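Listed below, chain by chain, are the residues.
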There are 4 protein chains.
Amino acid sequence: MSGPLTGLIPATYTPFLADGRLNVEGVDAQAELLRESGIDSVFIGGTTGECASLSVAERKALAERWIQVAKGTMRVAVHVGANCQGDAIELASHARQIGAAAVAALAPNYFKPATVEDLIVFCAPIAAEADPLPFYFYDIPGMTGVRLSMSAFLRAAKHRIPTLAGLKFSNTDLVELQECVRFDDGGFDVLFGSDECLVAGLCLGVKGAVGSSYNFAAPVYQRIQAAFDRGDLATARAEQAKSVLLIKTLAEFGYLAASKALMAMLGVDCGPIRPPLRNLSKEERGTLWERLAPLDVFPRKLCRPE
Amino acid sequence: MSGPLTGLIPATYTPFLADGRLNVEGVDAQAELLRESGIDSVFIGGTTGECASLSVAERKALAERWIQVAKGTMRVAVHVGANCQGDAIELASHARQIGAAAVAALAPNYFKPATVEDLIVFCAPIAAEADPLPFYFYDIPGMTGVRLSMSAFLRAAKHRIPTLAGLKFSNTDLVELQECVRFDDGGFDVLFGSDECLVAGLCLGVKGAVGSSYNFAAPVYQRIQAAFDRGDLATARAEQAKSVLLIKTLAEFGYLAASKALMAMLGVDCGPIRPPLRNLSKEERGTLWERLAPLDVFPRKLCRPE
Amino acid sequence: MSGPLTGLIPATYTPFLADGRLNVEGVDAQAELLRESGIDSVFIGGTTGECASLSVAERKALAERWIQVAKGTMRVAVHVGANCQGDAIELASHARQIGAAAVAALAPNYFKPATVEDLIVFCAPIAAEADPLPFYFYDIPGMTGVRLSMSAFLRAAKHRIPTLAGLKFSNTDLVELQECVRFDDGGFDVLFGSDECLVAGLCLGVKGAVGSSYNFAAPVYQRIQAAFDRGDLATARAEQAKSVLLIKTLAEFGYLAASKALMAMLGVDCGPIRPPLRNLSKEERGTLWERLAPLDVFPRKLCRPE
Amino acid sequence: MSGPLTGLIPATYTPFLADGRLNVEGVDAQAELLRESGIDSVFIGGTTGECASLSVAERKALAERWIQVAKGTMRVAVHVGANCQGDAIELASHARQIGAAAVAALAPNYFKPATVEDLIVFCAPIAAEADPLPFYFYDIPGMTGVRLSMSAFLRAAKHRIPTLAGLKFSNTDLVELQECVRFDDGGFDVLFGSDECLVAGLCLGVKGAVGSSYNFAAPVYQRIQAAFDRGDLATARAEQAKSVLLIKTLAEFGYLAASKALMAMLGVDCGPIRPPLRNLSKEERGTLWERLAPLDVFPRKLCRPE
């Protein structure tokens, strides 16, 4: 499995036991659901994967399990970003050794790079350690507070990070998106990060998308992609509206915790979310099921939570 | 001229004399350029029109001139929003009396409405005073700092503001955009406010757009619209890239001041910008001309500034 | 009455009738309460005075009434700031003609000055029109969003605005406060704007303070000042704690609306607050009274609201 | 060494070798300077100590060295906060075992606690692991983006975190500061975090302060404290002005990197700063020395950088 990351790429959940410990076996059921959904690439240990709540050792164990389970049938992109550059380098080295398809890293967010140059100085040794794996910078300013121009980053990093393959673009600035998509005649992958606006991303030329809702609602996005491909924007918009409803419903309950609860309704137990995020109460899970069950977006029928 | 606002709707500049006084005669040359550009609707006295820097008397004089010049051949939507509700009501009454096609109002931005309900209480008397003119709420959180859900506003205001026709949506939240476009089976106009992302707006279903760059670069947007209409997204994106370059170039010099300088290069003297914004120096105007002259986006050849 | 503004300076409320119209007669009862409280300077038409919700004509009428009522026994500083520089100049001229003691202006907040230079260009003609009245810049970044260094402003404006007397400093940056207080050997008045931290301001060297709670709770602040003057910081802190409790209680109900309701409980009817702010319900006023009545901070016993 | 943390408490730097590796031996020279400065408590591995840029193993090695060097003559408070709760628990356990005087933890800042309750759920197991060491919550919203009421936290956490001793309050909200200082009759330590406003903190009742500039400029703060203690606020303010000048000068060059360069000028080589922060160039260090050398705030004469 090589080549660029394209299509729908779920940002996977990290499975925990009820007591909060890592449950690497939980990866298997996730992979099964994704195969059933026709997915062939995953992005692991990112925001959806609660990267900031995992120790370095846990991140390695998670990556190993995914590589094993993928057995060469899925591309596994490993997120290795960390506030401590040394930790990120260690994770990049590990990802390379175990056979990941690509690595990605976000900006440090306690001490923040002030310029594109600072960001390159931070990222370059991480990418170098993963060489020859393709490196993606993961831009997610809403979480990191780091707001740097990604088109300026591509221009400057192109010659400084030889393995730079593109961006995971979890940023609402569609002007920058356009510039990144067009940069170097489309020579860099721009992986779109706003599931609820996928149709806009496709119109603006993106070829791949990384997001959490591709875990549990791939069918609706596949219908969007198919409608878009045949030029039927009205249908694409109507399907996108279903995705918007899904995501806004989850957001009312706390998006990440609610979507982990939804995974359980799909028969894929990813366990609780770690602090400082808050799990849904039993009552909230019941209400969520009632709200979600009628939606025509899921790959499996939702089981009522106990 | 009645019916909803659709197509490309320039948000016009307010013309001043060199000493900063209002120059209502300057409206005529603007209207001529717009007619030449195939434009049939304008949005006057908005952000581009420096609304916050005008007195109430100046706003009335500006509106009167536009109505005279339009002579029934252009729809004139008048922005009447103000921090002082009484001022906005007075402007709404005036707009109705002189024969405007529609009125719009933004949220007060010193004291800010905390909820959709507060916003409706502020807007309803303004809209009522303009009745039977259609009323548009002008959502521009980047300027006002008022960030309220526009889909929630439409739902609540539908029954409270009988003349509510829609929104001028100068907001980057494309999830809300989708919801507003679909609300009530598309019963409300959602006028897109991000010129540099027009193609994304069209893909998401907007039917009209209000913006400053439609004053001076209508041709490129008309090509975007035409390409979109025939399903040629690649061309639409390529034309949009020209618009992005134009707008980013202007922004380097201070967008509003630079675009007023550009109007002069098109033979339409709109005069200086008022404080606290800053006009371009003579040197900056020269540099701007050099940067803009080669672009294939304008309705006329650019004159070199003296 | 001339000389610098010192001591406790209430930022007065603007009185309205029940239907929202300006009630200039309401000024008289306010002035009476303030005289009874030992106050000899007022700051009118500022944030507390709902400046942004008043028309230019209303602001003039309000200023005229205050000058009449003050009859030379109180210094009346008139806030003339506005987004439209022309409106501010007109108000400054008026303030000079009617005999105000000083004028103040805040930064325009829709279009914002980007630099100290832009701010000076905006303010200088306003100050010039009021000459020879002393001019205060009113820095309130939490409302305007304009965050410029006030020490840099004093340094640059000293030679550009000959009547510059100082600042109304409604800003939490105590480093800037220190620099402004020390600038030019204390040659500029820095009027402290955080009533709930007055003791900190006094420790840092301020000589005057402008705020809303000096309208209705002057006694507690006079005790703070007296304790501070005799070096009894423990008492000053204990009294300040009462002020903190008062202000946090008001803030729970919406500070400005609640404090207008409190004025009525003191027998000074200032009427409702204008949209987009929201008045307290009858029940809320009852609850507020119950919470406030026991506090030992008021100049008069609070009347229970009807 | 037991009891609460009081007085001036330097937040120490983490020493690195020129190649960026941890240099635990560098602790010794720091401790020597602090003893010479009359300091008897330190706060290690906090923001000044580049906590976010250190691995867990490095943080343990750093803490061990400080405990050894302190040899019971200095109180060593160890910062154990981390985004990953498990890492923070591991560090808390280690701090207890090696004989730290106290532990502190900041809020996770990638995933953020939304409520005081979420924050307590995150902190309680960390504090429990360090029991019987006193636990301080380290509130630094400017870095973490977590803005929760610290007075509400104290009220709620008092019964949930039995070892809670107080706060490191690196927050500009002086109303909250007052409430925390007074809470429970002053039963909790509120360690002030704004070195450049120490005199304001003392006026508001703080008994201890944690900051970076106590490493390199203890004399000026000791003069502030002494002047304050004898009621001489004019001198306290004049000394504080020197601290303000020092800190603003450092900030022009990038505060943390510049202050590490300053440590070297004092003969205490703490090495470079880690990415994403940027070290001063040789020229910048020369300029910084020229600007700082004349200041009357340091415990030793500054050596010119090579």
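Everything quoted here is computed from the prediction, not taken from an experiment.

Cut-offs used in this document
Residues numbered from 1 in each chain as written. Chains lettered and ligands numbered in written order. Predicted model: local features only at pLDDT ≥ 70, side-chain atom pairs only at ≥ 80, totals over all residues. Heavy atoms only, no water. Buried < 20%, exposed > 50% of the residue type's maximum accessible area, 1.4 Å probe, protein only. Helix = DSSP H or I, 4+ residues; strand = E, 2+ residues; numbered from the N terminus. Pairing = 2+ DSSP bridges. Right-handed = clockwise from strand over helix to strand, strands pointing away. Contact = heavy atoms within 4.5 Å. Buried area = accessible area lost by both parts, 1.4 Å probe. Salt bridge = Lys/Arg side-chain N within 4 Å of Asp/Glu carboxyl O. Polar contact = N/O pair within 3.5 Å; in protein donor to acceptor, adjacent residues only side chain to side chain. Nonpolar A, V, L, I, M, F, W, Y, C, P; charged D, E, K, R; others polar. Least-squares fit on C-alpha atoms with pLDDT ≥ 70 in both. Core = buried A, V, L, I, M, F, W, Y, C linked by side-chain atoms within 4.5 Å. pLDDT = per-residue confidence, 0-100. Axes fitted to C-alpha atoms, helices over the stretch in contact; angles between N-to-C directions. Parallel < 35°, antiparallel > 145°, perpendicular 65-115°, else oblique. Left-handed = near helix turned anticlockwise from the far one by under 90°. Disulfide = S-S within 2.5 Å.

1. A word on the pairing of strand E7 (residues 189-192) of chain C
All names here are of chain C.
Point 1. Of the two faces of E7, the one lined by Asp189 and Leu191 and the one lined by Val190 and Phe192 are each fully buried.
Point 2. Two elements, strand E6 (residues 164-169) and E7, share 4 bridges in a ladder whose sense is parallel. Each bridged residue has a counterpart across the sheet, and for Leu167 the counterpart in E7 is Val190.
Point 3. Considered for its hand, the β-α-β crossover made up of E6, helix H7 (residues 174-186) and E7 is right-handed.
Point 4. As paired elements, E7 and strand E8 (residues 208-211) share 2 bridges and run parallel to each other. The residue of E8 that forms the bridge with Phe192 is Ala209.
Point 5. Once you follow E7 into helix H8 (residues 198-203) and on to E8, the crossover reads as right-handed.

2. Observations concerning the interface of chain D and chain A
Point 1. Contact residues are listed per partner, giving 32 residues for chain D and 32 residues for chain A.
Point 2. For the pair chain D and chain A, the two sides together bury roughly 2600 Å², of which 63% comes from carbon and sulfur.
Point 3. Of all residues in chain D, Tyr110, Phe111 and Pro276 of chain D give up the largest surface area on contact with chain A, accounting jointly for 33% of the area buried on that side.
Point 4. At the surface where chain D touches chain A, the tally comes to 2 salt bridges.
Point 5. The partner of Asp118 of chain D in a salt bridge is Arg278 of chain A, and the shortest N-O contact between them spans 3.4 Å.
Point 6. Linking chain D with chain A are 7 residue pairs in polar contact (both at pLDDT 80 or more).
Point 7. Mapped by element, the contributors of at least two residues to the side of chain D that touches chain A are helix H3 (85-98), helix H4 (116-130) and helix H5 (141-144) of chain D.
Point 8. With 3 residues, H4 of chain D is the largest single contributor of residues to the side of chain D that touches chain A.
Point 9. Here the residues of the side of chain D that touches chain A sort into 19 nonpolar, 8 polar and 5 charged.

3. Focus on the relation of the copies chain D and chain A
Point 1. Turning chain D through 180 degrees and shifting it by 0.0 Å along the axis lays it on chain A, with an RMSD of 0.0 Å. Taken together, the rotation and translation describe the operation of a two-fold axis.

4. Regarding the nonpolar core
Point 1. Within the largest apolar cluster, 249 residues are counted, with the highest numbers of intra-cluster contacts made by Phe153 of chain A together with Phe153 of chain B.
Point 2. Setting aside residues up to four positions removed in sequence, Phe153 of chain B forms contacts with Val116, Leu119, Ile120, Phe137, Lys158, Ile161, Leu164 and Leu167 of chain B.
Point 3. If you look at the next biggest cluster of nonpolar residues, it comprises 248 residues, including Leu5 and Val80 of chain C together with Cys123 and Leu292 of chain D.

5. Topic: the confidence of the model for chain A
Point 1. Mean pLDDT over chain A stands at 97; residues scoring 70 or higher make up 99%.
Point 2. Both scores are available for the predicted complex, with the pTM at 0.97 and the ipTM at 0.97.

6. Observations regarding the relation of the copies chain C and chain D
Point 1. Once chain C has been moved 0.0 Å along the axis and rotated by 180 degrees, it coincides with chain D to within an RMSD of 0.0 Å.
Point 2. Of the residues that chain C buries at the interface, 100% are likewise interface residues in chain D, meaning the two copies contact each other through the same surface.

7. Quick notes on the packing of helix H3 (residues 85-98) of chain A against helix H4 (residues 116-130) of chain A
The description of two packed helices rests on the angle between their axes and on the distance between the axes.
Residue and element names in this part refer to chain A.
Point 1. Orientation of H3 relative to H4, taken along the N-to-C sense of each, is 25 degrees, at an axis distance of 7 Å. Relative to H4, H3 is oriented roughly parallel. At the point where H3 passes H4, the crossing takes the right-handed sense. The segment H3 lies against H4, with Gln85, Ala88, Ile89, Ala92, Ser93 and Arg96 engaging Val121, Phe122, Pro125, Ile126, Glu129 and Ala130.
Point 2. For the contact of H3 with H4, the class distribution of residues is 8 nonpolar, 2 polar and 2 charged.

8. Overview of the state of the cysteines
Covalent bonding between the sulfur atoms of two cysteines is what defines a disulfide.
Point 1. Evaluation of the coordinates by the stated rule reveals 2 disulfides over all chains.
Point 2. With its sulfur 2.3 Å from that of its partner, Cys203 of chain A forms a disulfide with Cys203 of chain B. Handedness here is read from the sign of the S-S torsion; for Cys203 of chain A and Cys203 of chain B, about -110 degrees, the answer is left-handed. On the criterion of chain membership, the pair formed by Cys203 of chain A in helix H8 (residues 198-203) and Cys203 of chain B in helix H8 (residues 198-203) is interchain, its members lying in two chains.
Point 3. On the basis of relative accessible area, Cys203 of chain B is assigned to the buried category, the value being 0%.
Point 4. Unpaired in this structure, Cys123 of chain B has its nearest cysteine sulfur neighbour in Cys51 of chain B, at a distance of 14 Å.
Point 5. On the basis of relative accessible area, Cys123 of chain B is assigned to the buried category, the value being 0%.
Point 6. Between Cys51 of chain C, a cysteine without a disulfide, and Cys84 of chain B, which holds the nearest cysteine sulfur, the sulfur-to-sulfur distance is 11 Å.
Point 7. Here Cys51 of chain C falls in the buried class, since its relative accessible area comes to 6%.

9. What to know about unusual backbone geometry
Point 1. Here the bond from Asp131 of chain A into Pro132 of chain A is cis, since omega is 15 degrees, no more than 30 degrees from zero.
Point 2. Mapping Pro132 of chain A onto the fold places it in the loop between H4 and strand E5 (135-139).
Point 3. Positive phi, close to 40 degrees, is recorded for Lys71 of chain B, a residue that is not glycine.
Point 4. Look at Lys71 of chain B and you get exposed, because its relative accessible area is 67%.
Point 5. Not every positive phi belongs to a glycine, and Asp184 of chain B is a case in point at roughly 55 degrees.
Point 6. Summarising the element assignment, Asp184 of chain B is placed in helix H7 (residues 174-186).
Point 7. For Asp184 of chain B, a relative accessible area of 35% puts it in the partly exposed group.

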